[in-house]
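Observations on chain architecture
For reference, the chains in residue letters:
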Protein chains: 2
Amino acid sequence: MRIAVDAMGGDYAPREIVRGAVEASRRMPEDIEIILVGDRQSIEAEMARCDASESSRLSIFHTTQVIAMGEPPAQAVLSKRDSSIYRGMELVKQKKADAFLSAGSTGAMVAAATLVLHRCPGVRRPAIGTLLPSLGRPVLVIDAGANIDCTDEELEQFAVMGRIYSESIMGQKDPVVGVLSIGGEDLKGNGVTKKTLERLRSNPLVNCCGNVEGHDLFKGNIDVVVCDGFVGNVLLKTVESSSRAIAHWMKDEFTRNPIRIFGALCLRGALRVMKKRMDPELYGGAPLLGVNGTVIITHGASSHKAIFHAIRVSAEAVRNRVTGKTVENLARLAKRAAPQNTEG
Amino acid sequence: MRIAVDAMGGDYAPREIVRGAVEASRRMPEDIEIILVGDRQSIEAEMARCDASESSRLSIFHTTQVIAMGEPPAQAVLSKRDSSIYRGMELVKQKKADAFLSAGSTGAMVAAATLVLHRCPGVRRPAIGTLLPSLGRPVLVIDAGANIDCTDEELEQFAVMGRIYSESIMGQKDPVVGVLSIGGEDLKGNGVTKKTLERLRSNPLVNCCGNVEGHDLFKGNIDVVVCDGFVGNVLLKTVESSSRAIAHWMKDEFTRNPIRIFGALCLRGALRVMKKRMDPELYGGAPLLGVNGTVIITHGASSHKAIFHAIRVSAEAVRNRVTGKTVENLARLAKRAAPQNTEG
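So, here's what we can say about the structure. Just so you know, these numbers come straight off a predicted model, no measurement behind them.

In this section: the interface of chain B and chain A. Taken together, the contact pairs 56 residues of chain B with 56 residues of chain A. When chain B packs against chain A, the two sides together hide about 5100 Å² of surface, and 74% of this comes from carbon and sulfur. Linking Lys237 of chain A and Glu213 of chain B is a salt bridge whose minimum nitrogen-to-oxygen distance equals 2.3 Å. Taken together, the links from chain B to chain A amount to nine residue pairs in polar contact (both at pLDDT 80 or more). When residues of the side of chain B that touches chain A are traced back to their parent elements, those giving at least two are helix H8 (229–254), helix H9 (258–266) and helix H10 (268–278) of chain B. Among the elements that take part in the side of chain B that touches chain A, H8 of chain B stands out by supplying 20 residues, more than any other. A class-by-class count of the residues in the side of chain B that touches chain A yields 29 nonpolar, 18 polar and nine charged.

With that settled, the discussion passes to the relation of the copies chain B and chain A. Overlay of chain B on chain A (RMSD 0.1 Å): rotation 180 degrees, translation along the axis 0.0 Å. Those values place the two copies in the arrangement expected of a two-fold rotation axis. Scanning chain B for the C-alpha nearest the rotation axis identifies Gly263 of chain B, at a separation of 2.0 Å. The share of interface residues of chain B whose copies in chain A are also at the interface is 100%, consistent with both copies meeting through the same surface.

Attention now goes to the side chain of Thr298 of chain A. Within the secondary structure, Thr298 of chain A is located in the loop between strand S11 (294–297) and helix H11 (304–319). Among the polar contacts listed, one links the side chain of Thr298 of chain A to the side chain of Ser302 of chain A, at a separation of 3.0 Å.

Here we come to the packing of helix H6 (residues 152–168) of chain A against helix H7 (residues 191–201) of chain A. Two packed helices can be described by the angle between their axes and the distance between those axes. Residue and element names in this part refer to chain A. Remark: H6 packs on H7, axes separated minimally by 8 Å, with the N-to-C direction vectors making an angle of 50 degrees. In terms of their interaxial angle, H6 and H7 are classed as oblique. The interaxial crossing formed by H6 with H7 has right-handed handedness. Within the contact between the two elements, H6 uses Asp152, Glu153, Leu155, Glu156 and Ala159 and H7 uses Val192, Lys195, Thr196, Arg199 and Leu200. For the contact of H6 with H7, the residue count by class is four nonpolar, one polar and five charged.

Criteria and cut-off values
Throughout this description, residue numbers start from 1 for each chain and increase along the sequence as written. Ligands are numbered from 1 and chains lettered from A, in the order in which they are written. A pLDDT threshold of at least 70 governs which residues receive local features in this predicted model, and a stricter bar of 80 or more applies before side-chain atom pairs are shown or counted, although totals over entire chains, interfaces and linings include all residues. Calculation of side-chain values draws on the structure's entire complement of heavy atoms; hydrogens and water are dropped beforehand. Contacts were defined at the residue level, with two residues in contact if any of their heavy atoms lie within 4.5 Å. Buried area, as used here, totals the accessible surface that two parts lose on assembly, with accessibility defined by a 1.4 Å probe and the loss added over both. In the sections that follow, a salt bridge refers to a side-chain nitrogen of Lys or Arg positioned within 4 Å of a carboxyl oxygen of Asp or Glu. Whenever two N or O atoms come within 3.5 Å, that pair is a polar contact, provided that in protein one can donate a hydrogen and the other can accept it, and provided that, for residues adjacent in sequence, both atoms are side-chain atoms. Strands are runs of DSSP state E lasting at least 2 residues, helices are runs of H or I lasting at least 4, and numbering of each runs from the N terminus. Amino acid classes used here: Ala, Val, Leu, Ile, Met, Phe, Trp, Tyr, Cys and Pro are nonpolar; Asp, Glu, Lys and Arg are charged; the rest, including Gly, are polar. A residue counts toward the fit only if its pLDDT is at least 70 in both copies, and the copies are then superposed by least squares on the C-alpha atoms of those residues. With axes taken as lines fitted to C-alpha atoms, and helix axes fitted only over the stretch in contact, angles between N-to-C directions fall between 0 and 180 degrees. Orientation labels follow simple angle bins: below 35 degrees gives roughly parallel, above 145 gives roughly antiparallel, 65 to 115 gives roughly perpendicular, and whatever is left gives oblique. By definition, any crossing whose near helix is turned counterclockwise from its far helix by less than a right angle is left-handed, and any crossing with a clockwise turn is right-handed.

Written out as structure tokens, the structure is:
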């Protein structure tokens, strides 16, 4: 299995990306090969710092251009054909890589994926699905930032893609799907969420539980929550940031005096479990659903640890055939839905 | 000081509301009188359960109608003139109460406040400002749910009202104001947030730091974040829910075996502080800014504890003259801004 990693994307690129990739090449199963996509010289310099060099498990694919975070995505992708993002997508297209992962511009990743890999048949817009831990089953938030403004038709498709992901990857039978809104009643929400709810209620492919509020997200009884990428992105970054703040407060309070430090020692095991649950870097990496290829997006501030885990997530996505299953199930569902004349 | 409390609003009304009010009448300073607005018979029944009866500190204002959560707000307010929400606003208007607090329909509260108390001169739409704890100074999120869709002009006004609140109530000099968005760069965001950012950058009344991401919320270096009420509401409910989930996980992990329980005992003090910081019920109650009167909104699922704290928040708002200061400062700012022809 070959995973292409954008060495030039992200706030701490190339250093943290290369470090994460080197770590993955050392610690992950032997059947995983990593291809670092980007400027050879910079990548080699960072690899040298980690005492690493090119090998059968870690190679470099040289590119000369970089798409910066602030650039208008579509334009940048079209004009920079030798950028790490464009070339990474090409590697997937040409089957030289099984997945492509980047911490670079989300907009450029979505544009390049659409341009190079194309959308799955019937899909209007690809969407990012991010798993959020909860008190029960994890909940898939879709879209987590690929589409800033969405129509109700698009949100309906996200619901269908989310259902497929939950069913085929998470193994959830008849996943419960909700619309993220500001109140439980059907009347609550904005124009788009209200229309989306109507659509989902009459869509035979979706087991719709109605509106879902921020309150309900962590209860663990919902499998998929649909929202536009603006709301999804704000929500996920806020959750990450709030758990970081809580972890910080905990550390602060638990080390205030010797008795507390002793108490914290007794709770070592528990704190390790808590940390694992709350550390957003361990979740790093969300699939872009609805394109013909495995594309994983992780956020700009990714550290080497986040990159390591995003590579792990990419490998799981390849192993679980996320893309293949999405395409197959979209087609199957479209067939099943055809008599009812429902899109999906 | 007299605080009117809507006994009929909220998921657990009247029981939890009455319990919270009784508790407040017992535990809060003697100069605070509470007026429970709602159906006398139901209120008396709940008061009896708490061994309370009408007194100089706790009285009942009888009303015959209730606005339910699902009702279309404007219609409900217009047709139910003897509802607890309408009458509560009237008590403020007639200066029979210094503040009105409700856990009922936010939409109906905003509609009634606008209808009965009127907007402050120059204000297009009132907005809810909610304080979020952070690692540094708390951050005011405005709007937290009064307006589902907002224009850039409206968001600009929220920024000005937020600035006033932060300055005059929180005592923050030259508060830092940001626009909630999905990336730090000025180009990131949706149509409305980008236009809002442009407006704030050229508004001499606002010290604008640019876009603020979910990541930045808890860093403690931002005083005011503007967003539409849909995003703000989802965000705040999510933060509450995530800290509840974390508290739940902690309890679960910390009580798993005798050593851990012993460790948790050593950390008793720390855990108490953490709980206080993380418990959303202690923050209960957010002011509706931009109307001529002190109106506090607290969320539907409020327990008696949340109501108790919302009454405390209401008393603070009255004591700090939130409303008076908003009106005075809006006028002062409008004057100062007039030569530059800036709205606000």
